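Coordinate inspection notes
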Amino acid sequence: MIVTLSKSISLHDKEMVRIYLQDRGFSIQEQHFGDDVIIGTQKKGVADLRELGLLPGVERVAATSKPYELASRETHPEDTIVTVGPVTIGGSRISVIAGPCAVESKEQILETAALVRESGAVMLRGGAYKPRTSPYAFQGLGMKGLEYLKAAGEAQGMPIVTEVVSPELAVDMKDLTDMFQIGARNMQNFELLKKVGSLRKPALLKRGPSATIEEWLLSAEYLLSFGTPDVVLCERGIRTFETYTRNTLDISAIPVVKELSHLPVLVDPSHAVGIRAKVSPTALAAVAAGADGLTVEVHPKPDEAFSDGPQSLYPGQFERLMRDIEAMAPVVRKELLRTPRHSYGRAAMGPGAGTAPEPVHRPSSAAQVAFSGERGAYGEQALIRAFGEDVPRLSTASFSGIFDRVLDGSAVAGIVPVENSLTGSIHENYDLFLRYPDIAIVGELKLRIVHCLIGDEKAGLDSIRIVRSHEQGIAQCREFLDKHPHWQRESYSSTATAAASVAKEKAAHVAAIAGEDAAKAFGLKILKAGIENNPLNYTRFVIISRKVGDKPWIPPGLGSETPNKASLVFSVPDTPGSLFTCLRILSEGGINLSKLESRPIHGQPWRYLFYVDVNIPETEGVFEHIMDELKTKTEDFRFLGAYRGSL
Ligand code: PEP
Ligand code: MN
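Criteria and thresholds
Along each chain, numbering runs from 1 in the same order as the chain's sequence is written. Starting at A for chains and at 1 for ligands, labels are handed out in the order in which the entities are written. Predicted model: local features are reported for residues with pLDDT of at least 70 only, side-chain atom pairs are reported and counted for 80 or more only, and whole-chain, interface and lining totals are derived from all residues. Side-chain numbers here rest on the full set of heavy atoms in the structure, without hydrogens or water. A run of H or I in DSSP counts as a helix once it spans at least four residues, and a run of E counts as a strand once it spans at least two, with each numbered from the N terminus. Just to be clear, the radius of gyration here is over C-alpha atoms, and the globule rule we use is 2.2 Å times residues to the power 0.38. Summary of the burial criterion: residues with accessible area below 20% of their type's maximum are buried, those above 50% are exposed, and those between are partly exposed, where the area comes from a 1.4 Å probe applied to protein chains only. By definition in these notes, contact holds between two residues if any of their heavy atoms fall within 4.5 Å. Confidence of the predictor at the level of single residues is given by pLDDT, which spans 0 to 100. Salt bridges are defined by distance alone: a side-chain nitrogen of Lys or Arg within 4 Å of a carboxyl oxygen of Asp or Glu. Two strands are said to pair when DSSP picks up at least two bridges between them. When the sulfur atoms of two cysteines come within 2.5 Å, that pair is taken as a disulfide. Water is not among the atoms examined, so metal sites may look incomplete; donors are the N, O and S atoms within 2.8 Å of the metal, or within 3.2 Å for Na, K and Ca. Points on a 1 Å grid, built from protein atoms alone, make a cavity when a 1.4 Å probe fits but cannot get out and make a pocket when they are open with protein on both sides within 12 Å along at least 5 of 7 lines; residues with an atom within 4 Å of a point are the lining residues. Grid points are joined across faces, edges and corners, and a volume is the space filled by probe spheres set on the points. Gly falls in the polar group here, along with every residue not listed as nonpolar (Ala, Val, Leu, Ile, Met, Phe, Trp, Tyr, Cys, Pro) or charged (Asp, Glu, Lys, Arg). In this entry, domain limits derive from an automatic or database-based domain assignment. Each aromatic pair joins two rings of Phe, Tyr and Trp (for Trp, the six-membered one) with centres within 6.5 Å, and gets the label stacked for planes under 30 degrees apart, edge-to-face for over 60, and tilted for any other angle. Cation placement over rings: the criterion is NZ of Lys or CZ of Arg within 6 Å of the ring centroid and within 35° of the ring normal. Residue count minus one, scaled by 1.5 Å, sets the expected span of a helix. Throughout, the arc means that of the directions going from the helix axis to the C-beta atoms.

Before going further, it helps to spend a moment on the overall build of the protein. Looking only at helices and strands, the protein has 20 helices and 31 strands in total. For 647 residues, the compact-globule formula gives about 26 Å, and the C-alpha radius of gyration of the protein, at 28 Å, lands near that figure. In terms of overall dimensions, the protein has C-alpha extents of about 95 × 65 × 50 Å along its principal axes. Burial status across the protein gives 55% buried among its 647 residues.

Residue position: Ala62 is located in strand E4 (residues 58-62). Accessibility expressed as a relative area gives 7% for Ala62, which makes it buried. Ala62 sits 60 residues away from Val122 along the chain, and the two C-alpha atoms are 37 Å apart. With near-sequence residues (within four places) excluded, Ala62 lies in contact with Met1, Ile2, Glu69 and Thr75.

Another point: the confidence of the model for the protein. Mean pLDDT over the protein: 89, with 93% of residues reaching 70 or higher. Low confidence marks residues 342-365, where pLDDT is under 50. Its contacts with residues over four positions away, or in another chain, come to 46 contacts.

Taken as a whole and assessed by the stated rule, the structure comprises 33 salt bridges. With a shortest N-O distance of 3.0 Å, Glu597 and Lys595 are connected by a salt bridge. The exposure classification of Glu597 matches that of Lys595, with both residues buried. Salt-bridge contacts for Arg607 lead to Glu635; the nearest nitrogen and oxygen are separated by 3.2 Å. Taken together, the residues Arg607 in the loop between strand E29 (593-600) and strand E30 (608-615) and Glu635 in the loop between helix H20 (622-633) and strand E31 (637-643) connect sequence positions 28 residues apart. Taken together, the salt bridges that share partners define one network made up of Glu419, Glu444, Arg540, Lys565, Lys595, Glu597 and Asp613.

Next up on the list: the pairing of strand E14 (residues 293-297). Burial within E14 is extensive, with 5 of its 5 residues counted as buried. Covered by surrounding structure in E14 are Gly293, Thr295 and Glu297 together with Leu294 and Val296, the residues of both alternating faces. Direction of pairing for strand E7 (residues 93-99) relative to E14: parallel, over a ladder of 5 bridges. Paired with Ser95 across the strands is Gly293, a residue of E14. Where strand E13 (residues 265-267) lies against E14, 2 bridges are found, and the strand directions are parallel. Bridged to Leu266 within E14 is Gly293.

As enumerated under the stated definition, the model contains 0 disulfides in all. The thiol of Cys234 is unpaired, and the distance to the nearest cysteine sulfur, on Cys101, comes to 13 Å.

Listed as protein donors to the manganese ion (ligand 2) are Cys101 (SG), His271 (NE2), Glu297 (OE) and Asp308 (OD); their distances from the metal cover 2.0 to 2.4 Å. When the donor residues of the manganese ion (ligand 2) are listed from N- to C-terminus, their spacing reads C-x169-H-x25-E-x10-D. Of this pair, Cys101 sits in the loop between E7 and helix H3 (106-119) while His271 sits in helix H9 (residues 269-273); the two residues are 170 residues apart in sequence, bridging distant segments of the chain. On the accessibility criterion, His271 (8% relative accessible area) is buried.

Its identity is not glycine, yet Arg333 carries a phi of approximately 60 degrees, on the positive side. Inspection of the secondary structure puts Arg333 in the loop between helix H11 (315-328) and strand E15 (335-336). Even without a glycine there, the phi angle at Lys506 is positive, about 50 degrees. According to the relative accessible area criterion, Lys506 is exposed, its value standing at 54%.

Enumeration according to the criterion identifies 6 cavities of 30 Å³ or more in this entry. The calculated volume of the largest cavity comes to roughly 270 Å³. In this structure, the largest cavity is lined by 20 residues; those nearest its centre are Tyr378, Phe399, Pro417, His470 and Thr495. Of all the secondary-structure elements, those providing two or more residues to the lining of the largest cavity are helix H12 (378-387), strand E18 (413-420), helix H15 (471-476) and strand E26 (538-548). Looking at the lining of the largest cavity residue by residue, the class counts come to 8 nonpolar, 12 polar and no charged.

Taken as a whole, the largest pocket encloses approximately 1600 Å³ of empty space. Looking at the lining of the largest pocket, the elements that each hand over two or more residues are H3, H11, strand E20 (439-448), strand E27 (551-552), H20 and E31. Residue composition of the lining of the largest pocket, by class: 15 nonpolar, 13 polar and 20 charged. Three or more residues apiece are contributed to the lining of the largest pocket by two domains, here domain 2 (87-336) and domain 4 (561-647). Of the voids in this model, the second largest pocket is the one considered here, and its volume is about 1000 Å³.

Two descriptors summarise a pair of aromatic rings, namely the distance from one centre to the other and the angle between the planes of the rings. This structure, assessed with the given rule, holds 8 aromatic pairs. In textbook terms, an aromatic cluster arises when at least three aromatic residues are bridged by ring pairs, as seen for Phe403, Phe433 and Tyr436. Lying across the ring of Tyr20, Arg24 places its NZ or CZ 3.6 Å from the centre. Looking at Arg375, its charged tip hangs above the ring of Phe522, at a distance of 4.8 Å from the centre.

Next up on the list: H3. Look at H3: 20 Å from first C-alpha to last across 14 residues, which is about the 20 Å you get at 1.5 Å a residue. All of the buried residues along H3 are Gln108, Ile109, Thr112, Ala113, Val116, Arg117 and Ser119. The arc that holds every buried residue of H3, seen down its axis, measures 155 degrees, which confines them to one face. What points out from H3, more than 90 degrees from its buried face, is the exposed set Glu107 and Glu118. Looking at the packing, one finds that the buried side of H3 touches E7, strand E8 (123-125), helix H4 (143-156) and H11. Of the residues one or two after H3, Gly120 is the one with positive phi, at around 115 degrees.

See below:
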């Protein structure tokens, strides 16, 4: 239990609190955190928390079973998302920080920043003050190095993180860095923690090489209790009897700490293993274990690095790692965080700063994004992956409702499922693109779908007689449902709507097939998780926005990377070889076709439209030229949008 006393408590009242606790069998430990006095007690006594809270001078009583209160999930059940300029760390994103071990020269850091940014890093790391084991090793460029790091971050639109080694330097560095790193060797430098905490800047707290998880969280408690709410933990390997690798990455610490604490957890695979070839597999394992991101050492010429060259990735290796993380993220129900690539000034930094041009049709109300279904729907999950947790959401009762709301401007964007890896295309939505010519596709996202059978607290597998879901949910769980042939299947407009109806009915005989988030949103119990026919169950969503003139407006938060994928739809004359002619144009233009699907043209029996997804070649102008040629060979040609494809 932790009792926080008011700053102005009198000596008499403080003594009364002490006597109150001692009389009830507690042993007391008084600590001072900044201005606050905190009396921590051991769990031996019994007290009425309400009565204790009412004693004069007592500000707060927390019945935590952990010695760290502010870092504990017991007192803060929701995940904390730390914001550093346009970057968020935590929640449903995987945020990757990259850069050299140390800033060695202006040229070196500018070059590295450009390379890691190109591959998708969102923050730049680099040591200006290096705590080195040997006093003869390179100690860093100091303040000059920090200035170079700041300039490189600004040039690439990346906030920076750098290590601070003393309380005095923390003050000098405060206005130059976006985030402080507390190095592993300094994890228990309590004076440093107190000073950094009091500066109220985001802090990346590395785990000490021999620190237990509890000691690590207690160090986080120092930062939090001294003022900064923005603490990110970083597992970087601990010292064990194994000497093959530099340290031993304590991978199990990731899920353990995620349970004990609400703070985001990053992993530093570079210092953990110390061997270049082992960094990427370790990094992927960290993502698989639930890390909220990584900090990775990358150097343009690792062989010439002043420090940690053997563990620094070549830029090409880092690029490959980023692609692998992007491909793996949906498996752990996350999305790789991307931020706009153009540079931004420090003054403009802040959540969402510099993310989008001012839209012509942007409604004056908050920029909402539309999805179909209730709270907890897969569409809502995809929306959160694409735009973050904070974006206002507008739910619609049908898929066409998404298009309507985007068209009338009440939503700036919408998220629409178009294809499932088990059941194929969602034709209703393909057809909607034809009905709404002023809507364009501006983004794409793949979401792993894990279906659960969810029901009332009273329900069990034996009590179920009716199962409700969207028809896609029913189809994707057919093998499981076939094992329960007596269950009646009822189709609903969305999986979350089905969950809502079950929650309303509160009966033991009805259940819904929906996601874990829907169970949470409606307070339902998960009767069985992972009931989809195949775990490789992904739904591809596209992000839509309204065209302004003939150009789509790019909603904030989508990033501004060059599109590499496009969707089009066309019909061809009813003559021999007409489709072949179109495909040949694509083929000869070196354009890769990633999807081709035909749909009946409404009102024209036995005539078809072709939906085509293609990759856009990098050479400028080539794609436009091929599209122009294609138009001359097709009857009805519609360009649905160019966007950044997700893997
Ligand atoms: C670093 O990140 O450059 C570093 C020195 O790491 P650690 O404190 O984890 O050894
Ligand atoms: Mn290093």
